[in-house]
Amino acid sequence: MHLAYPAVLAALLFCTGLYGVLARRNAILVLMSVELMLNAVNLNLVAFDVWLRDTLHAGQALTLFTVAIAAAEIGIGLSVVLLVYRNRGFADIDRLTDLADDDARARTGAPASVPAPAPASAAERQTTGDAAA
């Protein structure tokens, strides 16, 4: 088997995934692009394992670990994206700035977050019926 065919295919897959990570704004599409990049790496690992005729099949074993890590990454990533979508109604990466600290916002020139309201006094809590606070 020629090594060039899977290596070229893996390079094309990796470049497509890299373009998807850099150009997309939707978080789900970014996660799909990362998976495409990981699959390109897996293809290279298996191709080089076959080409080198490794008796331990280290490339295939490492591919199994990569697949397990990719499965965990996509599970956690999709759960985070779904929670963000439920709370905010969008999954646009460029609009997700609430988790950034104020120092980073000051450096980039982004507006500071809206300050939190002051805690209610004991008298206000009794009138509203919120005695637990």
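Structure shown above.
Residues numbered from 1 in each chain as written. Predicted model: local features only at pLDDT ≥ 70, side-chain atom pairs only at ≥ 80, totals over all residues. Heavy atoms only, no water.

Asker: Can you explain the overall build of the protein? Please cite residues and give values.
Answerer: A tally of helices and strands in the protein yields 5 helices and 0 strands. Looking at the protein as a whole, 20% of its 133 residues qualify as buried. Within the protein, contacts between residues at least 6 apart in sequence are counted, and of these 51% link residues at least 24 apart. Working note: accessible area of the protein is about 9,900 Å², and carbon and sulfur atoms make up 67% of it. (Helix = DSSP H or I, 4+ residues; strand = E, 2+ residues; numbered from the N terminus. Buried < 20%, exposed > 50% of the residue type's maximum accessible area, 1.4 Å probe, protein only. Contact = heavy atoms within 4.5 Å. Areas by Shrake-Rupley, 256 points an atom, 1.4 Å probe, with all protein chains shown as cover.)

Asker: If you had to explain helix 1 (residues 4-23) to someone new, which residues and values would you point to?
Answerer: For helix 1, built from 20 residues, the straight-helix expectation of 28 Å at 1.5 Å per residue is met to within 8% by its first-to-last C-alpha distance of 28 Å. Within helix 1, the full set of buried residues consists of P6, A10, G17 and G20. The arc enclosing the buried residues of helix 1, seen along the axis, measures out at 85°, which places them on a common side. Facing away from the buried side of helix 1 by over 90 degrees, the exposed positions are L12, Y19 and L22. Residues of helix 1 that are buried sit in contact with helix 2 (27-52). (Expected span 1.5 Å × (residues − 1). Arc of directions from axis to C-beta.)

Asker: A description of the side chain of D49 should follow, citing residues and the corresponding values.
Answerer: Tracing the backbone shows D49 in helix 2. The buried charged residue D49 lacks any salt bridge, with R53 as its nearest oppositely charged partner at 11 Å. At a separation of 3.2 Å, a polar atom in the side chain of D49 contacts the side chain of Q60. (Lys, Arg positive; Asp, Glu negative; His and termini not counted. Salt bridge = Lys/Arg side-chain N within 4 Å of Asp/Glu carboxyl O. Polar contact = N/O pair within 3.5 Å; in protein donor to acceptor, adjacent residues only side chain to side chain.)

Asker: For helix 3 (residues 58-88), give the residues involved together with the corresponding values.
Answerer: The terminal C-alpha atoms of helix 3 lie 44 Å apart, and with 31 residues this matches the ideal 45 Å at 1.5 Å per residue to within 8%. On its buried face, helix 3 is in contact with helix 2. Downstream of helix 3 by a residue or two, G89 has a phi angle that is positive, lying close to 85°.

Asker: An account of a nonpolar patch on the surface is needed here, citing residue identities and associated values.
Answerer: A cluster of nonpolar side chains, contributed by F14, L18, L22 and V41, occupies part of the molecular surface with about 350 Å² of accessible area. With 3 residues, helix 1 is the largest single contributor of residues to the nonpolar patch. Tracing the sequence through the fold places L22 in helix 1. (Patch = residues over 30% accessible without salt bridge, like charges linked within 9 Å, V, L, I, M, F, W, Y side chains within 5 Å.)

Asker: Before we move on, could you go through the packing of aromatic side chains and cite the residues and values that matter?
Answerer: A complete count under the given rule lists 1 aromatic pair for this structure. Over the face of the ring belonging to F90 we find R95, whose NZ or CZ atom lies 3.7 Å from the ring centre. (Phe/Tyr/Trp six-rings, centres within 6.5 Å; stacked < 30°, edge-to-face > 60°. Lys NZ or Arg CZ within 6 Å of the ring centre and 35° of its normal.)

Asker: Can you lay out the environment of V34 for me, pointing to particular residues and giving the numbers?
Answerer: Within the secondary structure, V34 is located in helix 2. Along the chain, V34 and T16 lie 18 residues apart, while their C-alpha atoms are 9.9 Å from each other. For V34, the residues in contact, after removing those within four places along its chain, are V21 and E73.

Asker: Explain the packing of helix 2 against helix 3 to me, using residue names and the numbers behind them.
Answerer: Where helix 2 contacts helix 3, the two axes come as close as 9 Å, and the packing angle between them is 175°. When the axis of helix 2 is compared with that of helix 3, the two are roughly antiparallel. Along the lines of polarity and charge, the residues of the contact of helix 2 with helix 3 split into 15 nonpolar, 6 polar and 3 charged. (Axes fitted to C-alpha atoms, helices over the stretch in contact; angles between N-to-C directions. Parallel < 35°, antiparallel > 145°, perpendicular 65-115°, else oblique. Nonpolar A, V, L, I, M, F, W, Y, C, P; charged D, E, K, R; others polar.)

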